[in-house]
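Tertiary structure, described
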Amino acid sequence: MASEAASLADVRERLARARSQSARTMRLTNQLLSHAMVIHRAEAQPAQALDLRALVREVLVEVLAAPQFAAMDLSFEDALPEPAPTILGDPVSLREALRNLLENAVQHGGANVGVTVTLALVSADSIALRVSDTGPGLAEEERLRVLERFRASGATGGSGLGLAIVAEVAQAHDAELTIDTAASGGLAVTVTFPGASPAPQGGPSRRDALLLLAAAPLVLGAALPGAARADATLTIWSATDAQIIAPILDAFRDAHPDISFRYRDFDTQALYSAVLASGPGGAAPDVVISPALDLQVQLVNEGLARPLPRRAVQAESAANWRGELFGFTLEPEVIVLNPAAFAALPRPRSHAGLADLIRDNPAVFAGRLGTYDIRRSGIGYLLSAQAATLGPDHARLTEIMGHTGTQLFETTADMVRAVAEGEILLATGVLGSYAAALVSADERAEILLLEDYNLAVPRTAFISRDATQPEAAARFIEFLLAPAGQAALARAPGLAPLTGPDWLSSTERASLLTLQPGPGMLLWQDRMKRQGFLADWVRSITP
C-alpha cells in the first residue's frame, strides 16, 4: 500500500482508510458474534430474576470508561420505586442490548451526542428502559427497517446489526420494543419488560446464611469494668481483626460511653456476601468496614449505604465517595521477606527487578514464594487487578512466580508466619499495616517497599442503609475522621491514619499510589471481566 502512494500525505490517507476499515470490520465481527450469542442464549439460557436498575448502572459505569464513549454526554434518570420490581431475563443479553443502544446513539449522533437512559414503571410491575439521544433522529418509514439485520440508516457507517440485536433481546424477554422521536428531536428506543416480582430485601440465601453463622459476634463495651450504661449498641461488620481494631473502639467508647459495640469479624469476600444478603427482614449491620475498596464501592453503588449527615467539619474535608463511603486509613502494600535467606541476595528495587531476581535464581525460590489467593481474598484481588492496569510488569512477575512455584494464602498473617518460619522466602502484595504489626514482633521477617511504586489502600466505612442505630453509626464514622480518631489510628498496631504509617520513610511515602473510591472500581467487579481476569491469573500463577 505504501509503495503505491504518490506522497507522504497519500500514505497517511491510505493508512487512515485502512485503520477505519479495520475498525469497521472488527465492529461487524463483534456484532455478528453478539447476535449469534443472543440467539443462542434465548434458546438455551434459563431466565433468572434480575434487578434491572443494578444491571443498567453497571453497564453505564463500564461504558463511561470506554474511549469511544468519552465525549458522550450521558445522563441516567431512575424513576423506579424502592424496592423496584425485578424482571425475568438473561443478564448477558440485556447488557449487550443496552450497550448496543448506546453505541447506536454515538454511531448516528456523533461523539458529542447527548444520551439519556431512563428507567420507569409503566404499570404495577412492568419496567420501561428508554434510551434517547440528541442526534438527527430517524424518519418514520425507516424505523421498522433498522430492526432487520444489516439494515443501517444514513451514511454513518453502521453495521446494521445494533438495533437488530436489541430486537432479538426484546423478543427473547417477551418485551415490547418501540422506536419514536425524543423530546430533543433525536431517536428514542424503549424496551418495556414484564415484571417478575418485587426485588428481594429480606433474609440471606442458604449460602450467605452459612457465612453469617460462621462469623460469631463479638460484643465489645457492654462488659467493660466500670463502663457507663450503654444507651445504644452499634453493630459493626468488618474485615478487620477484632484485636487490631479494639484500641479504636476503646478510644471511641471513652468519648461516647453511651454506645457499646456488637462486632463481627469477617474476611473481605464473606463480608461482601453477608452485607448483600442482609436487610430489614434479617440481621443487618449499622457500619460496614473493609480494606477491599472495590467491594465497598460495589455495595454503596447497589444502594446499600446511607449518607453521613453533613454536620462534621472533618467529614467535609475527608476523601469520600458520594458522601456515603469514607476512607479513614492509608495502608500500603509491601513485600515481606526472610532476611536470613536474603543475606546473599540483593534487595529488589522495582517490580521488574523483583521478577528478574526470581527468574535468575530458580533453585533458591522454587516453591518458596507466596502471595494472596485472589480467588478467595478480596484485598488480594483488589491489589492484583489494580496493579494490572499500571503496565506489563505485574503480569510478567505473576508469570515468573507461577513458573518458579508459588504458594497461595488467604490472609496476611499466614504469609508473614510462612516467611518467618522459612516455609517461603518472600511474599508479594501483602497488606502492610497488618504485616508491620506482625513483623515488629518477629525479627525473622522483614518488610520491603519497592522504589517504582507501591499501591496504598484506604480502609473504608459506610453506614448501612438498614442501620437500626444510624445516629450512633454517624458519630462513629465522624470519630474515625476526626483528629481524636486519627490519633488513635496512628497509635494502633496494624492500622494507620489517613497520612499513612509513621514507619514509612519520605522516599517510601513518595512511592505510594493511593487507590481512590469511585465508579472506576466497579469495572473490576463486572462478572465477565472478573472471571476473565481470574482465569488469566490462575493460568499464570499455576502453570
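This is a predicted model, so every value here is computed, not measured.

1. Overview of the packing of helix α14 (residues 412–420) against helix α15 (residues 432–439)
As a packed pair, α14 and α15 sit with axes 9 Å apart at the nearest point and diverge in direction by 40°. The angle between the axes of α14 and α15 places the two elements in the oblique class. You can see that α14 and α15 cross each other, and the crossing is right-handed. Judged by residue contacts, Thr 412, Ala 413 and Val 416 of α14 engage Tyr 434, Ala 435, Leu 438 and Val 439 from α15. For the contact of α14 with α15, the per-class residue count stands at six nonpolar, one polar and no charged.

2. So, the pairing of strand β17 (residues 369–372)
Consecutive side chains of a regular strand alternate in pointing toward one face of the sheet and then the other. One ladder, built from four bridges, connects β17 with strand β18 (residues 406–409); its direction is parallel. Looking at β18, one finds that Thr 371 is bridged to Leu 408. Across two bridges, β17 lies against strand β19 (residues 426–431) in parallel orientation. In the strand pairing of β19, Leu 369 is matched with Leu 426.

3. Section: the pattern of salt bridges
For the coordinates displayed, the defined rule picks out 24 salt bridges. Asp 356 is the partner of Arg 359 in a salt bridge, and the nearest nitrogen-oxygen pair spans 3.4 Å. One end of the pair, Arg 359, and the other, Asp 356, are both in helix α10 (residues 351–360), three residues apart, so they sit about a helical turn from each other. Here Asp 466 ties to Arg 465 by a salt bridge, and the two come within 3.2 Å at their closest N and O atoms. Its relative accessible area of 15% is what places Asp 466 among the buried residues. Classification of Arg 465 as partly exposed rests on a relative accessible area of 32%. Within this structure, Glu 58, Glu 62, Arg 95, Arg 99, Glu 103 and Asp 526 form a network of salt bridges that share partners.

What counts as what
Residues numbered from 1 in each chain as written. Predicted model: local features only at pLDDT ≥ 70, side-chain atom pairs only at ≥ 80, totals over all residues. Heavy atoms only, no water. Axes fitted to C-alpha atoms, helices over the stretch in contact; angles between N-to-C directions. Helix = DSSP H or I, 4+ residues; strand = E, 2+ residues; numbered from the N terminus. Parallel < 35°, antiparallel > 145°, perpendicular 65-115°, else oblique. Left-handed = near helix turned anticlockwise from the far one by under 90°. Contact = heavy atoms within 4.5 Å. Nonpolar A, V, L, I, M, F, W, Y, C, P; charged D, E, K, R; others polar. Pairing = 2+ DSSP bridges. Salt bridge = Lys/Arg side-chain N within 4 Å of Asp/Glu carboxyl O. Buried < 20%, exposed > 50% of the residue type's maximum accessible area, 1.4 Å probe, protein only.

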